[in-house]
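Fold and geometry: a report
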Amino acid sequence: WVDVPSSAIEKMASLNLDARSGVHAANHALLIVAPLFVVADAADISTEHVYPRQHRPRPLRLILYDARPGGLGAADALFRRFHAALGQARRLLSECPCRFSSGCPACLHVHTCSGYNANLDRRAARIIVDAVLQELRSICQPVVEAP
């Protein structure tokens, strides 16, 4: 997992955006782009989902994990290409032509969401992804892969 940077939390609070909905949306965006980076089915990788009446505190983090018992290694393989996957998730969040803050089936809705694709905020997700990318750039150089 990757913790959401405090700068993103502060920015979302200043814009009155729901951070949990942003994390949920960012995790969905990562799930959607994952097959571009690893050989995986939609049911091979999962994430934490936000429920409308959820009261249990959860840390604000981007998290993907192997959904199959014993794991197939898909989440680990994706983590090795996390910088590129985040960049693609950022493009997905920014370039989808839908005008919905909660996204649409093309950009954020996943059929495996146990939270029924509720509590998604595209704008907050972009803030989170941008902040994580900024932190990654400050600590390491991305690996450029040959075409």
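Here, the structure is the one placed above.
Residues numbered from 1 in each chain as written. Predicted model: local features only at pLDDT ≥ 70, side-chain atom pairs only at ≥ 80, totals over all residues. Heavy atoms only, no water.

1. Some points on the nonpolar core
By size, the foremost hydrophobic cluster in this structure holds 44 residues, and its most contacted members are Met12, Leu30, Ile45, Leu62, Leu78, Leu86 and Ile128. For this core, the element with the highest residue contribution is helix α5 (residues 122–139), accounting for nine residues. (Core = buried A, V, L, I, M, F, W, Y, C linked by side-chain atoms within 4.5 Å. Buried < 20%, exposed > 50% of the residue type's maximum accessible area, 1.4 Å probe, protein only. Helix = DSSP H or I, 4+ residues; strand = E, 2+ residues; numbered from the N terminus.)

2. Here's the deal with the packing of helix α2 (residues 19–33) against helix α4 (residues 82–95)
Following both chains from N to C, one finds α2 and α4 inclined at 110°, their axes separated by 9 Å at the closest point. By the criterion of interaxial angle, the relationship of α2 to α4 is roughly perpendicular. Contacts between α2 and α4 pair Ala29, Leu30, Ile32 and Val33 from the former with Phe82, Ala85, Leu86, Gln88, Ala89, Leu92 and Leu93 from the latter. Across the contact of α2 with α4, the residue classes tally to ten nonpolar, one polar and no charged. (Axes fitted to C-alpha atoms, helices over the stretch in contact; angles between N-to-C directions. Parallel < 35°, antiparallel > 145°, perpendicular 65-115°, else oblique. Contact = heavy atoms within 4.5 Å. Nonpolar A, V, L, I, M, F, W, Y, C, P; charged D, E, K, R; others polar.)

3. Quick notes on the packing of aromatic side chains
Here the structure, examined in full by the defined rule, presents one aromatic pair. One Lys or Arg, Arg61, reaches over the ring of Trp1 and ends 5.3 Å from the middle of that ring. (Phe/Tyr/Trp six-rings, centres within 6.5 Å; stacked < 30°, edge-to-face > 60°. Lys NZ or Arg CZ within 6 Å of the ring centre and 35° of its normal.)

4. Quick word on the environment of Ala40
By secondary structure assignment, the location of Ala40 is in the loop between α2 and β2 (45–46). Residues Ala40 and Pro97, 57 residues apart in the sequence, show an inter-C-alpha distance of 26 Å. Not counting chain neighbours up to four residues away, the residues in contact with Ala40 comprise Pro35, Ile45 and Ala74.

5. Re the side chain of His28
Along the chain, His28 turns up in helix α2. Taking relative accessible area as the criterion, His28 reaches 0% and is therefore assigned buried. Discounting residues that sit within four places of it in the chain, His28 has contacts with His49, Leu108, His109, Val110, Cys113, Asn117 and Leu120.

6. Some thoughts on the environment of Leu86
Within the secondary structure, Leu86 sits in helix α4. The exposure class assigned to Leu86 is buried, which follows from its relative accessible area of 0%. Along the sequence, Leu86 and Asp130 sit 44 residues apart, while their C-alpha atoms lie 8.7 Å from each other. Those residues within four positions of Leu86 in sequence are excluded, and the remaining contacts are Leu30, Leu62, Val129, Val132, Leu133 and Leu136.

7. Quick look at the side chain of Arg61
When you line up the elements, Arg61 lands in strand β3 (residues 61–62). At 2.5 Å, the side chain of Arg61 forms a polar contact with the side chain of Glu48. Not counting chain neighbours up to four residues away, the residues in contact with Arg61 comprise Trp1, Val2, Asp3, Val4, Val23, Asn27 and Glu48. (Polar contact = N/O pair within 3.5 Å; in protein donor to acceptor, adjacent residues only side chain to side chain.)

8. Some words on the pattern of salt bridges
With the rule as written, the count across this model stands at four salt bridges. Of the charged contacts in the structure, one is a salt bridge between Arg68 and Asp44, with a shortest N-O distance of 2.7 Å. Here the residue Arg68 occupies a position in the loop between β4 (65–66) and α3 (74–79), and Asp44 occupies one in the loop between α2 and β2, the gap between them amounting to 24 residues. With a relative accessible area of 37%, Arg68 lands in the partly exposed category. Under the relative-accessibility criterion, Asp44 is labelled buried at 9%. Between Asp130 and Arg90 there is a salt bridge whose closest N-O contact spans 2.4 Å. In this pair, Asp130 is assigned in helix α5 and Arg90 in helix α4, connecting sequence segments 40 residues apart. Arg90 gets classed as partly exposed once you look at its relative accessible area, which sits at 23%. (Salt bridge = Lys/Arg side-chain N within 4 Å of Asp/Glu carboxyl O.)

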